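Breakdown of the fold
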Amino acid sequence: MLRATLKSLLARKVRLVLSGLAVVLGVMFVAGSFVLTDTLSRSFDSIFSDAYSQTDVTVAGKPKVAVSEMEGEQVPANIPASAVTTVSGLPGVSARGVVAADGATLIGSNGKAVGSFGPPQLGESWLGENELTQLRDGVGPTADDEIAVNVGLATAGKVKVGDRVGVLTLDSKQRQFKIVGTFGYSGDRDSLGGVNEIAFTEPVAQRLMLGAPGVFSSIDVKATDGTSPEILKERVAAALGSDYNVRTGEEAAADDAQGLKDGLSFFNNILLGFAGIALFVGIFLIINTFSIVVAQRTKELALLRAVGAGRRQVIGSVLTEAVIVGTVASVIGVGAGIGVGALLAFLAGKFAGGLSLAGLGVPPVALIASFVVGLVVTIIAAVMPALRASRIPPIAAMQEVATPDRPLTRVTTIGGVVTAAAAALLGIGLYADGGLLLVAGGVLLAFVGVALLTPVLSRPVVGLLGRIFSWSVPGKLGRLNSGRNPRRTAITASALMVGIALVTGVGVVASSAKTSIAGAVDSIDAQLIIQGTQNGPRPPTFAPAVADQAKQVPGVRDVVGVASDLARVDGKQQFVTSVTDAAPIPAIYGSTAVAGDISTLGPDQVIVNEETAQDHNWSVGSVMTVQLTRGSEHRYTVSGIAPTDKSIGEIMLPAAAMQDFAQPALSLGFVRLDEGTPVASVQPQLEALVADNPLVSVIDQAAFTEQQTGMIDQVLVMIQILLALAILIAVLGIVNTLALSVMERTRELGLLRAIGLSRGATMRMITVEAVVISVFGALLGVVVGGGLGAAVVRALRDQGFTDLTLPWSTIVLYLGVAALVGCVAAILPSIRAARLNVLGAIAHE
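To start, this report covers the structure provided alongside it. The structure displayed is predicted, hence computed values, not measured ones.

Time to look at the overall build of the chain. Helices and strands together make up the secondary structure of the chain, namely 24 helices and 24 strands. C-alpha extents for the chain along the principal axes are approximately 95 × 70 × 50 Å. Taking all 845 residues of the chain together, 50% fall into the buried category. When contacts within the chain are restricted to residue pairs at least 6 apart in sequence, those whose partners lie at least 24 apart make up 81%. Looking at the chain, you have 60 positive and 65 negative side-chain charges, and the mean spots of the two groups are 21 Å apart.

To continue, consider the packing of helix α21 (residues 759-795) against helix α23 (residues 827-834). Running from N to C, α21 and α23 point in directions that differ by 145°, and their axes come no closer than 8 Å. As α21 packs across α23, the resulting crossing turns out to be right-handed. Seen from α21, the contacting residues are Arg759, Thr762, Met763 and Ile766; seen from α23, they are Pro829, Ser830, Ile831, Ala833 and Ala834.

Before going further, it helps to spend a moment on the packing of α21 against helix α22 (residues 808-825). Contact geometry for α21 and α22: axes closest at 7 Å, N-to-C directions at 150°. Put simply, α21 runs roughly antiparallel to α22. Read as a crossing pair, α21 and α22 show a hand that is right-handed. Residues Thr767, Ala770, Val771, Ser774, Val775, Ala778, Leu779 and Val782 of α21 form the contact with α22, whose participating residues are Ile811, Tyr814, Leu815, Ala818, Ala819, Val821, Gly822 and Cys823. Grouping the constituent residues of the contact of α21 with α22 by class yields 13 nonpolar, three polar and no charged.

Read across the open sheet, the four strands follow the order β3-β13-β1-β14; overall the sheet is antiparallel. Strands at the two margins of the open sheet, each flanked by one partner only, are β3 (93-98) and β14 (244-248). The average undirected angle you get between the axes of adjacent strands in this sheet is 20°. In terms of strand pairing, strand β1 (residues 57-61) meets strand β13 (residues 218-223) through four bridges, oriented antiparallel. Paired with valine 57 across the strands is valine 221, a residue of β13.

Next up on the list: the pairing of strand β9 (residues 164-168). Within β9, four of the five residues are buried, which leaves it mostly tucked inside the rest of the structure. Pairing of strand β5 (residues 105-106) with β9, which is carried by two bridges, proceeds in the antiparallel orientation. Paired with leucine 106 across the two strands is valine 167, which belongs to β9. Counted between consecutive antiparallel strands, the loop separating β9 from strand β10 (residues 174-185) contains five residues, among which serine 172 sits at a positive phi close to 65°.

On to the packing of aromatic side chains. For the structure on display, the rule yields four aromatic pairs. Geometrically, the ring pair formed by tryptophan 126 and phenylalanine 183 is tilted, given 5.5 Å between the ring centres and 55° between the ring planes. Note that tryptophan 126 is positioned in the loop between β6 (121-125) and β7 (133-138) and phenylalanine 183 in strand β10, a separation of 57 residues in sequence. Aromatic side chains phenylalanine 177 and phenylalanine 200 sit 5.3 Å apart centroid to centroid with 65° between the ring planes, which places their arrangement in the edge-to-face category. Note that phenylalanine 177 is positioned in strand β10 and phenylalanine 200 in strand β11 (residues 196-200), a separation of 23 residues in sequence.

Another point: the pattern of salt bridges. In the structure shown here, the tally under the stated rule is 15 salt bridges. Between aspartate 163 and lysine 160 there is a salt bridge, and its shortest N-O distance comes to 3.3 Å. Take lysine 160: its relative accessible area is 53%, and that puts it in the exposed class. The partner of arginine 247 in a salt bridge is aspartate 255, with the nearest N and O atoms 3.4 Å apart. Relative accessible area serves as the criterion here: at 41%, aspartate 255 is assigned to the partly exposed category. Each of the salt bridges in this network shares a partner with another, and the network as a whole consists of Arg136, Asp188 and Asp190.

Once that is clear, we can look at helix α10 (residues 364-390). Residues spaced three or four apart along an α-helix point in a common direction, a consequence of the helix completing one turn every 3.6 residues. The terminal C-alpha atoms of α10, which comprises 27 residues, lie 37 Å apart, in line with the 39 Å expected from a rise of 1.5 Å per residue. Helix geometry: α10 is bent most strongly at valine 383, by close to 35°, with proline proline 385 lying one to four residues after it. For α10, the set of buried residues is Ala366, Ala369, Ser370, Gly374, Val377, Thr378, Ala381, Ala382, Pro385, Ala386, Ala389 and Ser390.

So, on to a nonpolar patch on the surface. Taken together, the side chains of Leu343, Leu344, Phe346, Leu347 and Leu357 define a hydrophobic patch exposed on the protein surface, amounting to about 430 Å² of accessible area. For phenylalanine 346, the location among the structural elements is in helix α9 (residues 311-351). Phenylalanine 346 sits in the partly exposed class, given a relative accessible area of 44%.

This part is about the side chain of glutamate 197. Here glutamate 197 shows up in strand β11. Within the buried core, glutamate 197 has no salt-bridge partner, and the shortest N-O distance to an opposite charge, that of arginine 189, equals 10 Å. Among all residues touching glutamate 197, those that are not within four sequence positions of it are Leu122, Glu124, Ala148, Val149, Asn150, Leu153, Phe183 and Tyr185.

Trans is the prevailing form of peptide bonds, just as negative phi is the prevailing case for residues other than glycine. Unlike most non-glycine residues, lysine 158 shows phi in positive territory, near 55°. With respect to the secondary-structure elements, lysine 158 resides in the loop between α4 (151-157) and β9. A positive phi angle is found at asparagine 617, which is not glycine, with a value near 60°. Take asparagine 617: it is sitting in the loop between α17 (610-616) and β20 (623-627).

The next thing to look at is the environment of valine 98. Mapped onto the secondary structure, valine 98 falls in strand β3. Using a relative accessible area of 12% as the deciding quantity, one classes valine 98 as buried. Taking the C-alpha atoms as reference, valine 98 lies 68 Å from alanine 770; in sequence the two are 672 residues apart. Discounting residues that sit within four places of it in the chain, valine 98 has contacts with Ser125, Leu127, Phe216, Ser217, Ser218 and Asp220.

Here we come to the nonpolar core. Judged by nonpolar contacts, the single largest core of 93 residues is most densely connected at Val281, Phe447, Met497, Val498, Ile729 and Val784. With sequence-adjacent residues up to four places away left out, valine 784 is seen in contact with Phe447, Val450, Met497 and Ala501. In terms of nonpolar packing, the next biggest core, distinct from the first, is built from 40 residues, Leu153, Val167, Ile179 and Leu210 among them.

The rules behind each value
- Residues numbered from 1 in each chain as written.
- Predicted model: local features only at pLDDT ≥ 70, side-chain atom pairs only at ≥ 80, totals over all residues.
- Heavy atoms only, no water.
- Helix = DSSP H or I, 4+ residues; strand = E, 2+ residues; numbered from the N terminus.
- Buried < 20%, exposed > 50% of the residue type's maximum accessible area, 1.4 Å probe, protein only.
- Contact = heavy atoms within 4.5 Å.
- Lys, Arg positive; Asp, Glu negative; His and termini not counted.
- Charge placed at Lys NZ, Arg CZ, Asp CG, Glu CD.
- Axes fitted to C-alpha atoms, helices over the stretch in contact; angles between N-to-C directions.
- Left-handed = near helix turned anticlockwise from the far one by under 90°.
- Parallel < 35°, antiparallel > 145°, perpendicular 65-115°, else oblique.
- Nonpolar A, V, L, I, M, F, W, Y, C, P; charged D, E, K, R; others polar.
- Pairing = 2+ DSSP bridges.
- Phe/Tyr/Trp six-rings, centres within 6.5 Å; stacked < 30°, edge-to-face > 60°.
- Salt bridge = Lys/Arg side-chain N within 4 Å of Asp/Glu carboxyl O.
- Expected span 1.5 Å × (residues − 1).
- Bend = angle between axes of the 7 residues up to and from the residue.
- Patch = residues over 30% accessible without salt bridge, like charges linked within 9 Å, V, L, I, M, F, W, Y side chains within 5 Å.
- Areas by Shrake-Rupley, 256 points an atom, 1.4 Å probe, with all protein chains shown as cover.
- Core = buried A, V, L, I, M, F, W, Y, C linked by side-chain atoms within 4.5 Å.

Limitation: the analysis is restricted to geometry and does not speak to function.
Okay, here's the thing in structure tokens:
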């Protein structure tokens, strides 16, 4: 039986290779994501190990507000000089205060800010050379207007020793410095992990990066008497007390690396999610391939049954083929995945500014997950065809036809039940805060349910679509062929349906978000907006003084500057905003107080929106305790409650609170002009106020809307690119189905050719069949995706989604692309059909 199975497999190796490609692509995604994350994780370990190589113990202040890697940058409390003195006084200890904080941006030789999407932009105190840090040119800074930069930053900014350059720091003011030195790191490295570093003198670094003189961000401690780091850690911790985090160098390296790994894990899960989608689509392709192959082998399998093969042996034969296909595909997929992972790691290193990558490695989890996924998917997809093969009776060996298509009643009923269950899960997940897993499960069941319902829909819908091409004989034949086997057509179309449904659903959400944002911006009575262009992990900001200066510009009626930060409110983390002036907010936002007064904001008062007030059971007069990134806890009294859709953030603090934010500067400024004042007359004057900050610009409402929605377009394109893999697998499914169908209908095609159907007409017939199936699948995807997208938008109405917008142009494009996909998929099968030898085809059994 095994020998017969292997011969059967080799006889149909080309067709099975096509189905195996689906597994190859899915496994490639799985293996590639694990190789990528493993390579980057070990690279992070190496970077932080080097960074702390000269440190036995490090001391940092405990942060006032704990922030995860996904939420932003955690800012530790400043350490007073007295703490450095206390540690230095311990026996056998050498300690020095260190200043290092993110937020120092160099203005390059072209007048533009040197950005960094990923690694921080550190402003630090110059500590001199050591085994790790090495001057490459010049000297370290000694005067207040001198700096040294690492070679990576100097190269990116095209600056050199002797140049005078501008530097932006936390207060967003540009100051001029002279570059007196450039430095690198051991191993001829220009940076550590692509980090941009600007080294000031200690007093300047304290003032610009920490906001106060005589304070430090950490203490670097070394033992001078051979004491182990663990014992030294205990001594330092005992001397300083519980207000500080004391760690050994190894612990600090591991902790800092783990923070980046957590963010990397999130990215890895996204890649695995898209791999899962690709493999889910691949299941349809594999089911169809094995179903057609089993149908073509009816006589062969019946003969095996007739000579004594049992049902279990037949099932085992089909599943053995599946295991072989899955194993070979997984091996190829792992190899391709290693290459893809290496390429993505290389690109990530370049994107991060020259990250030094660790050697390429293949973690065991990559191999285990890849082979398990590849085999499981293939075997699951082959189970139904295997059971169908086992039901072939021995008498079928004397029949000319394959097993007849069964009634659709049962599969339609099951499809209805599954679809109803999917709707229930989606309802709970979207509308009852049931969680992401319920939503994902609902989407998966929705695809399965629609796929099971597709056979009963295929005949009428395919027949209707086929009438577009029925003006010729090949068109009529193609229409009839596409509807002759509803199950086969349904499975082929369902594969394309999944990919199209996902991109359509995401498109509906994205279009609705863009429309909602545009509506929200239009409702703001501010003709000009001051905002920065993001060029790194921190949002660009501008000094609060700019808002005050803008008020003095002729033609300006009102200005509101906005800053934001993550705070701890009554013990819970929550985003808060601070405004320069609350008085213009009702006019600019067109809002009326729900309760209290929202036009004034005293130093101990706070304004909250209606939804936040309800969630916390706050009312006018309620008192809350707020701990910001810096400073001490402060008690605020609710003075007003604003409408949720017409407020600046959930919790609005007075201007004085901004000084204790992680970035004590403004990220937004809304400018309302006097009635009849032309925008063009005021905009240049406002631009002059921020001319020293190349990251900040003054734009009108239209440009602001475009800027906000542009980020959505970028995310949408990324998702479409990743989902293109699933659509590619669906295209392979159409090619495979048509190719196997041509083989199955060899005699029929020979008879058609014999009675006068030309080669060109034969090719057109196959093409029509492919186009009808493709458009049918795309049409299903558009309907399902549109429904899912609309449900998500409806569920997010309280999150600012005020409008449901269908991307009609994109939907029409998808349908057009589906028709083109059908034409491309039909090329090889139609050529094969046209080249059939007429006499040989007629004699074919």
